[in-house]
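Notes for the structure review
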Amino acid sequence: MLGLKFETSTSWAEIAKDNLQQILTDHAFAEQKAASNAVSIIINYSEESDLVTEMSKIAIEEMEHFKMVHDLMVERGMTLGREQTNTYAKSLQSFFSKTKDRTEALIQRLLVAALIEARSCERFKVFSENLEDQELSKFYEELMISEANHYTTFLGFARQYQDRNIVDEKWNKLLAFESSLMKKRGNAAKIHG
């Protein structure tokens, strides 16, 4: 369904389980960045009413997810750590050449966001299936569904702004690039690590 070209190994879930505070901190900040991205799209493409409506929903939902992760951490006696650089997102953003064409820039942003959501969905699935902690397993299973919805929303909008064949070609190239990135990852307690 997600079209990802590389599957996360269960060994990543073991690393994440053994570093729960780190993975939850990383996850909380990932949700915050996702909300910021949706707000940024609203600011930069405010004339696109349908897009603004959907990005508003995503921004709110991502901040709700941030709160849910933070609340979970507090309940377990953890504190939110410091934000760390997300080299995964930065690498994806560097895949496309910079452009001054507003529509092309939007499509690039939407495709990168779609891929981040798809990978998050896949990671949440792997994590939820490999946790003995039933509360945490259910938590990540529920979030997985939300990430899948965000993925389809972003990809769907990209396909609205340009010929679908052109968008799908860009999408497939981005997927191949991301696959090569992921082959070098999976050894850190980060959502995309």
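As a reminder, the structure under discussion sits directly above these lines.
Residues numbered from 1 in each chain as written. Predicted model: local features only at pLDDT ≥ 70, side-chain atom pairs only at ≥ 80, totals over all residues. Heavy atoms only, no water.

**Section: empty space enclosed by the protein**
Summed over the entire model, instances satisfying the criterion amount to two cavities of 30 Å³ or more. Approximately 70 Å³ is the volume attributed to the largest cavity. Gln22, Thr25, Asp26, Phe29, Ala30, Lys33, Arg82, Glu83, Gln84 and Asn86 together form the lining of the largest cavity. Computed from the structure, the second largest cavity encloses a volume of approximately 50 Å³. Looking at the second largest cavity, the residues that line it are Asp26, Thr85, Asn86, Thr87, Tyr88, Arg185, Lys190 and His192. (1 Å grid on protein atoms, 1.4 Å probe; cavity = no way out; pocket = protein on both sides within 12 Å on 5 of 7 lines; lining within 4 Å. Points joined across faces, edges and corners; volume = space filled by probe spheres on them.)

**Quick look at the side chain of Glu122**
Relative to the assigned elements, Glu122 resides in helix α5 (residues 102–129). Residue classification places Glu122 among the buried residues on the basis of a relative accessible area of 11%. A distance of 3.0 Å separates the side chain of Glu122 from the side chain of Arg119, its partner in a polar contact. Residues contacting Glu122, with those up to four places away along its chain left out, are Leu2, Leu4, Phe6, Glu7 and Thr8. (Helix = DSSP H or I, 4+ residues; strand = E, 2+ residues; numbered from the N terminus. Buried < 20%, exposed > 50% of the residue type's maximum accessible area, 1.4 Å probe, protein only. Polar contact = N/O pair within 3.5 Å; in protein donor to acceptor, adjacent residues only side chain to side chain. Contact = heavy atoms within 4.5 Å.)

**Looking at the layout of surface pockets**
Of the voids in this model, the largest pocket is the one considered here, and its volume is about 670 Å³. Elements that contribute at least two residues to the lining of the largest pocket include exactly α2 (20–44), α4 (87–93), α5 and α6 (134–161). Broken down by element, the lining of the largest pocket gets its largest block of residues, nine residues, from α5. Classifying every residue of the lining of the largest pocket gives 11 nonpolar, 10 polar and eight charged. Here the second largest pocket is characterised by a volume of approximately 230 Å³. Leu2, Leu4, Phe6, Glu7, Thr8, Cys121, Glu122, Lys125, Val126, Glu129 and Met144 together form the lining of the second largest pocket. With five residues, the top contributor of residues to the lining of the second largest pocket is α5. Looking at side-chain class alone, the lining of the second largest pocket contains six nonpolar, one polar and four charged residues. (Nonpolar A, V, L, I, M, F, W, Y, C, P; charged D, E, K, R; others polar.)

**Some remarks on the nonpolar core**
Judged by nonpolar contacts, the single largest core of 60 residues is most densely connected at Ile23, Leu24, Leu111, Phe127 and Trp171. The dominant element in this core, judged by the number of residues it contributes, is α5, at 14 residues. Not counting chain neighbours up to four residues away, the residues in contact with Trp171 comprise Leu2, Leu111, Ala114, Leu115, Tyr151 and Leu155. (Core = buried A, V, L, I, M, F, W, Y, C linked by side-chain atoms within 4.5 Å.)

**Here we look at the side chain of Ser179**
Tracing the chain through its elements places Ser179 in helix α7 (residues 164–182). The residues touching Ser179, leaving out its near neighbours within four places in the chain, are Lys5 and Phe6.

**Here we look at the packing of helix α1 (residues 10–18) against α5**
Packing of α1 against α5 brings their axes to within 9 Å, and their N-to-C directions diverge by 75 degrees. Judged by the inter-axis angle, α1 sits roughly perpendicular to α5. Between α1 and α5, the residues in contact are Thr10, Trp12, Ala13, Ala16 and Lys17 and Arg123, Val126 and Phe127, respectively. Tallied by class, the residues present in the contact of α1 with α5 amount to five nonpolar, one polar and two charged. (Axes fitted to C-alpha atoms, helices over the stretch in contact; angles between N-to-C directions. Parallel < 35°, antiparallel > 145°, perpendicular 65-115°, else oblique.)

Interpretation note: all reported values are geometric properties and have no functional meaning in isolation.
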